[in-house]
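Results of the structural survey
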Amino acid sequence: MNRDLTTGSVFKTILYFSLPYLLSYFLQTLYGMADLFIIGQYCGVESTTAVSIGSQVMHMLTVMIVGLAMGSTVMIGRAVGAKEKDKVNQAVGNTAVLFMTLSVVCTAALLLMVKAIVAVMATPEEAVDGLVWYLNICFAGIPFITAYNIISSIFRGMGDSKSPMYFIAVACGFNIVLDYLFIGVMGFGTAGAALGTTLSQTVSVLISFVVIRKRKMIPGLGRADFRPKKEVLGNILKVGVPVAIQDGFIQIAFIVITVFANRRGLNDAAAVGIVEKLIGILFLIPSSMLSTVSALAAQNIGAGRHDRARATLKYATMIAVGFGLVASVIMQFAAEGAVGLFADDGEVIRLGGQYMRGYVWDCIFAGVHFCFSGYFCAYGLSMISFIHNSISIVCARIPLAYVAAEYFTESLLPMGIAAPAGSLLSVIVCLAAFAWMKRKAAPG
């Protein structure tokens, strides 16, 4: 199952690895957007707002899990590059034990905090009941969300980006069918959206386990590999914890911005929620480049091919910037049309178009610092990513969004601009850190 990513054309290797990754991200985003789209067809703005807020909370938890799992991807990738099969299996086994333990603890804690989370989100009163239902059901499914993401991180560390794509495709298909059943036919509203999400994840994980076992996709993995080892867990956490905290801070920043919008009223809240989903689609390529760089660079670093690691960063950044520029220009003309796919309220569409025109420029700048973050993580320097994102959040994203929400009450455009402004600051820090790494590696 392992694929050698240390030979051949760097650009072609990026494309080969990233395309299944991109499709996986697309299916995962479609998975989330199906809830918002279908709830919008059968229910009112209050249900749309509840699902958009609830899915943002769940997205925050998911990206933190994925961030922590980055440690596993990097450690497995390095072991694969160095052709050390025993270390690969130890990392796989310890990853499974670590993450499933965390998922059980998180599930119990979050179920006790549902009402507090709803209050912190400044949820409009009309959407409170729906959000409570949504979060309770989704929190109960956290072990399955965790299982899917650790399976994906393990496979990608081994150089296999196709298997996770197949597993999420199964989940996406089930989610759409179950959403129409629970929301459209049975009229369960936001609870139906949450049930569709949770049950489809469960089915996907069960199928993935059956496939892995039947095809023996992780050869040599034994009981001894599941015994916790301090060194293995330490290496995973050393890379993963800063990434998870960083991703958590980023999502908290988004949630704070959502709170600013929620305080402005139901229409503003719905507009921001819809645009966040649309931005999730546009961020597919930048996000796939982050994970691609981390996996490819990790294998090349393990094999001592530092030149290929740098080349991977270069080509991935070019792809991300090119896409971001095209997407940003197109959305200046198509913003309202895109928002209108998920809302029929004229005011929501108008506000969403404003927010999108400012926010969409983040595709360029975020694409750059995503690629650098993947590169830093591959070298075990995930703390750099944590630092640049923290600076961005504290010095730009939140303060600028607050000022925009308070002083530009007739438009969401200024709030949208806060995101790319923060990412631009991250890019500057990343370039400085990269220059420092080059000087440190230079002889003498």
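Structural data are supplied above this passage.
Quick caveat: nothing in here was measured; it's all calculated off a predicted structure.

Another point: the overall build of the chain. A count of helical and extended segments in the chain gives 16 helices and zero strands. Taking 444 residues into account, the globule formula puts the C-alpha radius of gyration at 22 Å, and the chain, at 21 Å, falls close to it. With the principal axes as the frame, the chain shows a C-alpha extent of 60 × 50 × 35 Å. Per-residue burial over the chain gives 58% buried out of 444 residues. In the chain, the proportion of contacts linking residues at least 24 apart, taken out of those at least 6 apart, comes to 84%.

With respect to the helices, strands and loops of the structure, Val 256 is situated in helix α9 (residues 230-263). Through-space distance from the C-alpha of Val 256 to that of Ala 401 is 8.9 Å; in sequence the pair is 145 residues apart.

Attention shifts here to the nonpolar core. Among the nonpolar cores identified, the biggest contains 119 residues, and Leu 135, Phe 139, Met 356 and Met 415 are the most heavily contacted of them. Element by element, the count of residues in this core is highest for α9, at 14 residues. Contact partners of Phe 139, with chain neighbours within four places excluded, come to Val 57, Met 58, Leu 61, Thr 107, Leu 110, Leu 111, Val 114 and Ile 117. Counting residues in hydrophobic clusters, the runner-up holds 21 residues, among them Leu 27, Ala 79, Ile 151 and Met 165.

Here we take up the environment of Gly 374. You can see Gly 374 is positioned in helix α14 (residues 362-378). Through-space distance from the C-alpha of Gly 374 to that of Tyr 134 is 33 Å; in sequence the pair is 240 residues apart. Leave out the neighbours within four places in its chain, and Gly 374 touches Leu 290, Val 293 and Ser 294.

Here His 388 is to be found in helix α15 (residues 382-407). Note on His 388: relative accessible area 0%, which makes it buried. A distance of 3.1 Å separates polar atoms of two side chains, one belonging to His 388 and the other to Ser 426. Ignoring anything within four residues of it in the chain, the contact list for His 388 reads His 369, Ser 373, Ser 426, Val 429 and Cys 430.

Glancing now at the pattern of salt bridges. For the coordinates displayed, the defined rule picks out six salt bridges. Among the salt bridges present, the one from Lys 87 reaches Glu 84, with a minimum N-O distance of 3.7 Å. For Arg 264, the salt bridge goes to Asp 268, with nearest N and O atoms at 3.1 Å. Judged by relative accessible area, Arg 264 falls into the partly exposed class, the value being 21%.

For the structure on display, the rule yields eleven aromatic pairs. Residues Phe 283 and Phe 370 carry aromatic rings whose centres are separated by 5.8 Å and whose planes lie at 85° to one another, so their mutual orientation is edge-to-face. Taken as a pair, Phe 283 in the loop between α10 (266-282) and α11 (284-302) and Phe 370 in helix α14 lie far apart in primary sequence, 87 residues in all. The exposure class assigned to Phe 370 is buried, which follows from its relative accessible area of 15%.

Now for the state of the cysteines. Throughout the structure, instances matching the rule amount to zero disulfides. Cys 430 supplies the cysteine sulfur nearest to Cys 371, a cysteine that is in no disulfide, at a spacing of 9.9 Å. Given a relative accessible area of 0%, Cys 371 falls into the buried group. Its sulfur unpaired, Cys 395 is 14 Å from the next cysteine sulfur, which belongs to Cys 430. By relative accessible area, which is 53% here, Cys 395 ends up exposed.

Cut-off values and rules
Residues numbered from 1 in each chain as written. Predicted model: local features only at pLDDT ≥ 70, side-chain atom pairs only at ≥ 80, totals over all residues. Heavy atoms only, no water. Helix = DSSP H or I, 4+ residues; strand = E, 2+ residues; numbered from the N terminus. Rg over C-alpha atoms; globule rule 2.2 N^0.38 Å. Buried < 20%, exposed > 50% of the residue type's maximum accessible area, 1.4 Å probe, protein only. Contact = heavy atoms within 4.5 Å. Core = buried A, V, L, I, M, F, W, Y, C linked by side-chain atoms within 4.5 Å. Polar contact = N/O pair within 3.5 Å; in protein donor to acceptor, adjacent residues only side chain to side chain. Salt bridge = Lys/Arg side-chain N within 4 Å of Asp/Glu carboxyl O. Phe/Tyr/Trp six-rings, centres within 6.5 Å; stacked < 30°, edge-to-face > 60°. Disulfide = S-S within 2.5 Å.

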